[in-house]
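# Descriptive structure summary
Listed below are the residues making up each chain.
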Amino acid sequence: MAKTKPGKKDLDSYTIKGTNKVVRPGDCVLMRPSDSDKPPYVARVEKIEADHRNNVKVRVRWYYRPEESIGGRRQFHGAKELFLSDHFDVQSAHTIEGKCIVHSFKNYTKLENVGAEDYFCRFEYKAATGGFTPDRVAVYCKCEMPYNPDDLMVQCEGCKDWFHPSCMGMTIEEAKKLEHFLCSDCSSDDDAKRSLNSFPVSPSVEAKVEPKRRKR
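Described below are features of the structure shown in this document. (Residues numbered from 1 in each chain as written. Predicted model: local features only at pLDDT ≥ 70, side-chain atom pairs only at ≥ 80, totals over all residues. Heavy atoms only, no water.)

### Let's talk about the pairing of strand β6 (residues 56–64)
The criterion, for reference: Buried means the residue's accessible area, taken with a 1.4 Å probe over protein chains only, is under 20% of the maximum for its type, while exposed means over 50%, and partly exposed covers the values in between. Working definition: helices are DSSP H or I runs of at least four residues, strands are E runs of at least two. Numbering for both runs from the N terminus. If DSSP finds at least two bridges between two strands, the strands pair.
Burial of β6 is extensive: seven of the nine residues sit out of reach of the surface. Two elements, strand β5 (residues 41–50) and β6, share eight bridges in a ladder whose sense is antiparallel. Within the sheet, the bridge partner assigned to A43 lies in β6 and is W62. Turn length for the β5-β6 hairpin, with the two strands adjacent in sequence and antiparallel, is five residues, and the turn residue N54 shows positive phi of about 70°. Across seven bridges, β6 lies against strand β7 (residues 81–92) in antiparallel orientation. Each residue of the ladder has a partner; that of V58, found in β7, is Q91.

Here it is as structure tokens:
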């Protein structure tokens, strides 16, 4: 942690103006953008300090939205997806509008209800180069795209891979009514001995059989 400059003192917490919400180092916050037409910025508070006039500043590490990254938003990016960047900044605490939660990807997919304050992060992002960590993730379906938690997917009972209904020539409504599903590759095989257990409707860490994973 950076040393506090002379005349400044570290604070354990800060109460958001006009609320009873308390922010502490490590919390994720929503910060007022300079352009009121844009959504609030999301940042992780690294440090809170006050000067001799009691002006409170926060050192933050910014999260980027996909559309703010060099590569832009892609098909597999979720609506609530953020990238933890290597971009640090110091801002007035008065620009903090509220608190939020940035979940791990695994925990986000377990949420029964996604609230306005819920986001998720599965990549770290280098702002200068546009590079991501990790640079490879599991891909699914015949389109070979990473999993977007906003999109319905169905699991093949044969190969255990996951597929987008649209890639299989189905509508979402048709997919929801399915009792069993075999992908085009598996349905051409002899499936007489295949298990006909019901399947979950999205990739889940709770699935008894892990989906087939490929690296791209």
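### Describing the nonpolar core
For clarity, the cut-off: In this text, buried Ala, Val, Leu, Ile, Met, Phe, Trp, Tyr and Cys residues form a nonpolar core when linked through side-chain atoms within 4.5 Å. In what follows, a contact means two residues having at least one pair of non-hydrogen atoms within 4.5 Å.
Ranked by internal contacts, the top residues of the largest apolar core, which has 22 residues, are V29, M31, V58 and I96. Looking at this core, the elements with two or more residues in it are β4 (28–31), β5, β6 and β9 (118–126). Broken down by element, the residue count for this core peaks at five residues, all from β6. Residue contacts for M31: discarding those within four places in its chain leaves P40, Y41, A43, V58, V60, W62, Q91, S92, T95, I96 and E97. Formed by 16 residues, the second largest nonpolar core is a distinct cluster that contains M153, M170, A175 and C186.

### Concerning the packing of aromatic side chains
Aromatic rings considered in pairs are described by the distance between their centres and by the relative angle of their planes. Applied cut-off: Pairing of aromatic side chains here covers Phe, Tyr and the six-membered ring of Trp, requires ring centres within 6.5 Å, and sorts the geometry by plane angle: under 30 degrees stacked, over 60 edge-to-face, intermediate tilted. The rule for a charge over a ring is simple: NZ of Lys or CZ of Arg within 6 Å of the ring centre, and within 35 degrees of the ring normal.
In this structure the tally under the stated criterion is 12 aromatic pairs. Ring geometry for F123 against F132: centres 5.6 Å apart, planes inclined by 65°, an arrangement best described as edge-to-face. On the basis of relative accessible area, F132 is assigned to the partly exposed category, the value being 29%. An aromatic cluster is present here, built from Y64, F83, F123, Y125 and F132 joined pairwise through their rings. Between K80 and the ring centre of Y119, over which it is positioned, the NZ or CZ distance is 4.6 Å. One cation-aromatic arrangement involves R122 over F105; the distance from NZ or CZ to the ring centre is 4.6 Å.

### As for the pattern of salt bridges
Our working rule: Note on definitions: salt bridges are taken to be side-chain nitrogens of Lys or Arg within 4 Å of carboxyl oxygens of Asp or Glu.
Applying the stated criterion across every chain, the model contains eight salt bridges. With its nearest N and O atoms 3.7 Å apart, the salt bridge here joins D10 to K47. With D10 in strand β1 (residues 9–10) and K47 in strand β5, this pair connects stretches of sequence that are 37 residues apart. Between E124 and R61 there is a salt bridge; the shortest N-O distance is 3.6 Å. Placement of E124 in strand β9 and of R61 in strand β6 is noted, with a sequence separation of 63 residues between them. Since its relative accessible area comes to 40%, E124 is described here as partly exposed. For R61, a relative accessible area of 14% puts it in the buried group. What you see here is one network of salt bridges that share partners, running through K8, D10, K47 and E49.

### Some details on the pairing of β4
What you see with β4 is no split at all: C28 and L30 on one side and V29 and M31 on the other are buried throughout. Both β4 and β5 contribute to a ladder of four bridges, which runs antiparallel. By the bridge assignment for β5, L30 is matched with V42.

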